[in-house]
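Chains, contacts and geometry: an overview
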Amino acid sequence: MTHDDLPALELAFPGPERDRGVAAIVSGRKTALTGLLEIYEHAREPVPAPGQRFSVLDSEGRPAVTIELVDVRVVPMKEIDDDFALAEGRGYSGVAEWRAAHEEFFRSEGVSEYLGRTPVVDDDTLVVAERFRVVEPGEPAGDPRP
């Protein structure tokens, strides 16, 4: 399976934030990501499942890296812990910094415009917490990288 055969995954919005996220995945620092469940529902997209693969796109819309989900949970924001926050690979010192950054993004103009309103973001807001591994496009599913 090549990048072109996989569904695309776009982090944040095109620009510096996406580029930093893609670079963190490529470098191995980022092994987790978080999405707002309300965005999946608004797009009428199912929540991803473990084993699914995605071609992560850069800001130019080009495939940068292939990932395979290894764990997916829908949880309230209050259940995200320091371990998950650190796995996001964005340099957060812990869950408090993770939370502040995600609240800001989820309430951003871009997200609000997409949803048609500014979402409520609090302890009980449901997020999709995903852990993944980087894979080569043709690598068999579930095989750990050497």
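Preceding this section is the structure that the text describes.
Here's what I pulled together on the structure shown here. Remember, predicted model here, so these are calculated numbers, not experimental data. (Residues numbered from 1 in each chain as written. Predicted model: local features only at pLDDT ≥ 70, side-chain atom pairs only at ≥ 80, totals over all residues. Heavy atoms only, no water.)

So, the pairing of strand β4 (residues 63–76)
Bridging between strand β3 (residues 53–57) and β4 involves five bridges; their strand directions are antiparallel. What sits directly across from Phe54, in β4, is Ile67. Counted between consecutive antiparallel strands, the loop separating β3 from β4 contains five residues, among which Gly61 sits at a positive phi close to 80 degrees. Across ten bridges, the pairing between β4 and strand β5 (residues 126–135) is antiparallel. Residue pairing in the sheet places Glu68 in a bridge with Arg133 of β5. (Pairing = 2+ DSSP bridges. Helix = DSSP H or I, 4+ residues; strand = E, 2+ residues; numbered from the N terminus.)

Some words on helix α1 (residues 16–27)
Its twelve residues place the ends of α1 16 Å apart at the C-alpha level, agreeing with the 16 Å of an ideal helix rising 1.5 Å per residue. Every buried residue of α1 is accounted for by Arg18, Gly21, Val22, Ala24 and Ile25. For α1, the angular spread of buried residues about the axis comes to 160 degrees, placing them on one side. Within α1, the exposed residues directed more than 90 degrees away from the buried face are Pro16 and Val26. For α1, the secondary structure elements touched by its buried residues are β3, β4 and β5. Looking at the residues trailing α1, positive phi occurs at Gly28, about 90 degrees. (Expected span 1.5 Å × (residues − 1). Buried < 20%, exposed > 50% of the residue type's maximum accessible area, 1.4 Å probe, protein only. Arc of directions from axis to C-beta. Contact = heavy atoms within 4.5 Å.)

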